[in-house]
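As a plain string of letters, each chain reads:
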Amino acid sequence: MAFSNIPGNERVKKILQAFIEKERLPHALIFAGPEGSGKKLMALGLAKALNCEKSKIEPCNECSQCNSIDNENHPDVIIISPEGQFIKIDQMRFLIQTAYLKPMVGYYRVYIIDQAEKLNEEASNAILKILEEPPSFTIIILITNNPSFLLPTIRSRCQIIPFSSIKREEIESILRENGYDEEKARLISLLAEGNLEKALSFDWEVVFEKKQKAFEIFKNLIKKENIFQTYKRLERESYSSGFKEEFRDFLELMISFCRDIILLKEGGDTRYLLNPNFLLEFKEIERFVDQNEIQKYMEEIENLIYSFEKNVKIRMLMDYLFSIFAFREEGRDA
Ligand SMILES: [Zn+2]
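The shown structure was predicted, so the numbers you read here are calculated from the model rather than taken from an experiment.

1. So, the overall build of the protein
Thinking step 1. The secondary structure content of the protein amounts to 16 helices and 5 strands.
Thinking step 2. Taken along the three principal axes of its C-alpha coordinates, the protein extends 75 × 40 × 30 Å.
Thinking step 3. Taking the intrachain contacts of the protein between residues at least 6 apart in sequence as the baseline, contacts between residues at least 24 apart amount to 73%.

See the structure below:
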């Protein structure tokens, strides 16, 4: 993939291209950022830019160097992943032994250490020296979701390049380019949490069912109907494994419903609805809430999603969700 085809992280691309252009690329790099933010694609893109026969800044994707990097069989571009639970010392010994040999067919040897947080201490210590003084033709890229899990001695020897999640709109447009229709692309991008790999692996039937279910719950909450039954139903499901992830998806979907209702209330263009297939239903339930209320719901649900990061018990999150709507009702009756 050429840099221009790698999704998201425009800033990272510019930094890397500027490094190459000025011939100041650090030889030890850490690509750090959330899962599915395209770190490995970017590392492969960089390996291609360094070895491409036609262009240094934007790999051509046509020459034999680019092709074999794409096929992951380039002898100078080596991807190292954990064997079992850890990246082991033997894997790092291989790196050290080969890193000093001149590239076989390309211009640079590039080592991409995937899930570098799984380097055990012995393996980490083994590469300190080479990270400090790598040969001029060797680039080592450590990829990690959790740079804090790397030894400080590793971090201090590398240039850290931070990645961010891919924007929802970017994921939507990549899915569209991959042949997804508008509804699918939009809905999946909402649930992907900025993770392109996750987006591409979603099963549409499952997603569609989830959306219908989330809308049923949302409708009940907005209309204050069947609240108790809805709660009981979710409570039963809360014992199943994977419920937490599912509940998070519900919340993401609910936010998208709130957004759509706000758009309708503001008289916005219905082409911008995140859930266009619910247009009629939105019009039906819109009258149960005023603008401030729906805005408030959305903010509260966003806060709730934020608490997911903090390991709060799922039942507490559920109780909170229902209380958001119940308290509002009391407020209105008063
Ligand atoms: Zn090329």
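2. Some words on the domain arrangement of the protein
Thinking step 1. Partitioning the protein into structural domains gives domain 1 (3-162) and domain 2 (203-333).
Thinking step 2. Of note, the centres of domain 1 and domain 2, computed from C-alpha atoms alone, are 42 Å apart.

3. Overview of the packing of helix 9 (residues 182-191) against helix 11 (residues 204-223)
Thinking step 1. It is at 11 Å that the axes of helix 9 and helix 11 come closest, and there the two elements cross at 80°. Classified by the angle between their axes, helix 9 and helix 11 sit roughly perpendicular to one another. In contact with Lys184, Leu187, Ile188 and Leu191 of helix 9, helix 11 contributes Trp204, Val207 and Lys211.
Thinking step 2. Partitioning the contact of helix 9 with helix 11 into residue classes produces 5 nonpolar, no polar and 2 charged.

4. Digging into the sheet that holds strand 1 (residues 28-32)
Thinking step 1. Taken in spatial order, the 5 strands of this open sheet run 2-3-4-1-5, and their pairing is parallel. At either margin of the open sheet sits one strand with a lone partner, and together these are strand 2 (77-80) and strand 5 (159-162). Each strand axis lies, on average, 20° off the axis of its neighbour in the sheet, ignoring direction.
Thinking step 2. Taken together, the 5 bridges between strand 1 and strand 4 (residues 138-144) define a ladder with parallel strand orientation. If you follow Ile30 over to strand 4, its bridge partner there is Leu142.
Thinking step 3. Contacting strand 1, strand 2, strand 3 (109-113) and strand 4, helix 2 (residues 39-51) crosses the sheet at an angle of about 170° to strand 4.
Thinking step 4. Contacts from helix 4 (residues 89-99) reach strand 2, strand 3 and strand 4 within the one sheet, and its direction differs from that of strand 3 by about 165°.

5. Quick look at the nonpolar core
Thinking step 1. Ranked by size, the top nonpolar core spans 43 residues in total, and within it Phe31, Ala43, Ile113 and Ile141 carry the most contacts.
Thinking step 2. With 7 residues, the top contributor of residues to this core is helix 2.
Thinking step 3. When residues no more than four places from it in sequence are discounted, the contact partners of Phe31 are Lys39, Met42, Ala43, Ile141, Ile143, Ile161 and Phe163.
Thinking step 4. Core analysis: the next-biggest nonpolar cluster, separate from the first, contains 36 residues, Leu187, Phe247, Leu253 and Ile261 among them.

6. Section: the environment of Tyr272
Thinking step 1. Turning to its location among the elements, Tyr272 is positioned in the loop between helix 13 (243-265) and helix 14 (279-285).
Thinking step 2. A C-alpha to C-alpha distance of 8.3 Å links Tyr272 and Asp260, two positions 12 residues apart in sequence.

7. Quick look at the environment of Gly84
Thinking step 1. Relative to the assigned elements, Gly84 resides in the loop between strand 2 and helix 4.
Thinking step 2. Placed 34 residues apart in sequence, Gly84 and Lys118 show a C-alpha to C-alpha distance of 9.7 Å.

8. As for helix 2
Given 3.6 residues to a turn, an α-helix orients residues that are three or four positions apart in the same direction.
Thinking step 1. Here helix 2 spans 18 Å end to end across 13 residues, near enough to the 18 Å set by a 1.5 Å rise per residue.
Thinking step 2. Counting buried residues in helix 2 gives 11 out of 13 residues, a clear majority hidden from the surface.
Thinking step 3. Taken together, the buried positions of helix 2 are Lys39, Met42, Ala43, Leu44, Gly45, Leu46, Ala47, Lys48, Ala49, Leu50 and Asn51.
Thinking step 4. Contact partners of the buried residues in helix 2: helix 1 (10-21), strand 1, helix 3 (64-70), strand 2, strand 3 and strand 4.

9. Regarding helix 9
Thinking step 1. Within helix 9, 7 of the 10 residues are buried, leaving the element largely enclosed by the surrounding structure.
Thinking step 2. Of the residues making up helix 9, those classed as buried are Ala185, Arg186, Leu187, Ile188, Ser189, Leu190 and Leu191.
Thinking step 3. Contacts made by the buried residues of helix 9 are with helix 8 (168-177), helix 10 (196-201), helix 11 and helix 13.
Thinking step 4. Directly beyond the C-terminal end of helix 9, a positive phi value near 50° is found at Glu193.

About the criteria used
- Residues numbered from 1 in each chain as written.
- Predicted model: local features only at pLDDT ≥ 70, side-chain atom pairs only at ≥ 80, totals over all residues.
- Helix = DSSP H or I, 4+ residues; strand = E, 2+ residues; numbered from the N terminus.
- Contact = placed C-beta atoms within 7 Å.
- Domains from an automatic or database assignment.
- Axes fitted to C-alpha atoms, helices over the stretch in contact; angles between N-to-C directions.
- Parallel < 35°, antiparallel > 145°, perpendicular 65-115°, else oblique.
- Nonpolar A, V, L, I, M, F, W, Y, C, P; charged D, E, K, R; others polar.
- Pairing = 2+ DSSP bridges.
- Core = buried A, V, L, I, M, F, W, Y, C linked by C-beta atoms within 7 Å.
- Buried ≥ 20, exposed ≤ 12 C-beta atoms within 10 Å, placed from the backbone.
- Expected span 1.5 Å × (residues − 1).

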